[in-house]
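# Descriptive structure summary
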Amino acid sequence: MAPQIAPSILSADFARLAEDVARIADSADWVHVDVMDNHFVPNLTLGLPVVQALLQHSTLPLDCHLMIEDPDRWAPEYAEAGAKSVTIHAEAAKAPIRTLRTIRAAGARAGLGVNPATPVDGFEDILGEIDMLLLMTVEPGFGGQRFLDVVLPKVRRARELIKGRDLPIWLQVDGGVSAETIERCADAGADVFVAGSAVYGADDPAEAVGKLRAQAEEATAKADW
Ligand SMILES: O=C(CO)[C@H](O)[C@H](O)COP(=O)(O)O
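Residues numbered from 1 in each chain as written. Predicted model: local features only at pLDDT ≥ 70, side-chain atom pairs only at ≥ 80, totals over all residues.

In the annotation of an unreviewed UniProt entry, the protein is listed under the name Ribulose-phosphate 3-epimerase and assigned to Actinomadura darangshiensis. In its Function (unreviewed entry) section, the UniProt record describing the protein reads: "Catalyzes the reversible epimerization of D-ribulose 5-phosphate to D-xylulose 5-phosphate." Its UniProt record gives the protein the following Pathway (unreviewed entry) comment, quoted word for word: "Carbohydrate degradation." (UniProt positions renumbered as here; feature names shortened; annotations may be inferred.)

This is the structure:
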């Protein structure tokens, strides 16, 4: 799959979300929405009502990343509301298989997210339930953090597992993805790139997306996976 860019609105202006989403509508593939509950992560952002409102204004599909304590309860609601991708965290879900299946049944792509210190090998047996694996490349909770290089071997390992099973699973990296780090992520095997501050911190967010995409495409073309 060609690399996809998913700007995170965590770094957008929360008072002008619809306008900030419109700024990347012609250049990005997804709008990445960070839902945080101040329990799973030490930050509070937005929830279902804001996602429902954004769905009325976005021409891009929404990729909802639930950094919340009870994803089993809430994930199906995001999918039913119209989010095209819903990611739950492995560290938080109590019934991940049931929840992933419910997300799919509601017509959305089912994502499983893991924090930097969570290994991916334990999830090999449930890869068939997943449409996207999200590897956090910072500790979740805040935008603008420094990329954790220590996660790159896990990106490689995840790509190997996906390839070994010949499954059409997307591999997303999230956190500290920028012009400085995106090539290393693509080289290791990522194909969906979340970028918050690198996009919304730029003077021209659409142009920033285009540059990130070009870098990811070039690195992917040279990669050995
Ligand atoms: O999930 C997140 C934080 O938990 C954000 O999506 C992520 O950090 C994006 O922001 P940036 O690109 O600035 O790191």
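Tracing the backbone through its elements, the reader meets Leu62 in strand E3 (residues 62–67). Along the backbone, Leu62 and Val86 are 24 residues apart, and their C-alpha atoms lie at a distance of 8.5 Å. Setting aside residues no more than four positions away along its own chain, Leu62 makes contact with Val31, Val33, Val51, Leu54, Leu55, Ala83 and Lys84. (Helix = DSSP H or I, 4+ residues; strand = E, 2+ residues; numbered from the N terminus. Contact = placed C-beta atoms within 7 Å.)

Take the site of the ligand next. If you check the shell around the ligand, you find 23 residues, and the closest are Ser8, Pro140, Gly143, Gly196 and Ser197. If you list the elements that add at least two residues to the shell around the ligand, you get strand E2 (31–36), E3, strand E8 (192–195) and helix H7 (197–200). Per-class residue counts for the shell around the ligand are nine nonpolar, 12 polar and two charged. (Near = placed C-beta within 6 Å. Nonpolar A, V, L, I, M, F, W, Y, C, P; charged D, E, K, R; others polar.)

Look at the UniProt record and you will see "active site" (unreviewed entry) annotated at Asp34 and Asp174. Spanning 141 residues, the named residues form one tight spatial group whose C-alpha atoms are at most 10.5 Å apart. Tracing the chain through its elements places Asp34 in strand E2. Of the residues examined, Asp34 has 24 C-beta atoms within 10 Å and is grouped as buried. Checked against the element boundaries, Asp174 lands in strand E7 (residues 170–174). According to the C-beta neighbour criterion, Asp174 is buried, with 26 such atoms within 10 Å. In contact with Asp174, not counting residues within four places along its chain, are His65, Leu134, Met136, Thr137 and Val194. (Buried ≥ 20, exposed ≤ 12 C-beta atoms within 10 Å, placed from the backbone.)

This brings us to the sheet that holds strand E5 (residues 109–114). Taken in spatial order, the eight strands make up an open sheet running E1-E8-E7-E6-E5-E4-E3-E2, and their pairing is parallel. Strand pairing shows two members of the sheet lacking a second neighbour, strand E1 (4–7) and E2, which therefore form its edges. In this sheet, neighbouring strand axes are inclined to one another by 25° on average, regardless of whether the strands run parallel or antiparallel. Pairing of E2 with E3, which is carried by six bridges, proceeds in the parallel orientation. From the neighbouring strand, Val35 faces E3, where its bridge partner is Leu66. This element, helix H5 (residues 152–165), spans strand E6 (132–136) and E7 of the sheet and lies at about 165° to E7. (Pairing = 2+ DSSP bridges. Axes fitted to C-alpha atoms, helices over the stretch in contact; angles between N-to-C directions.)

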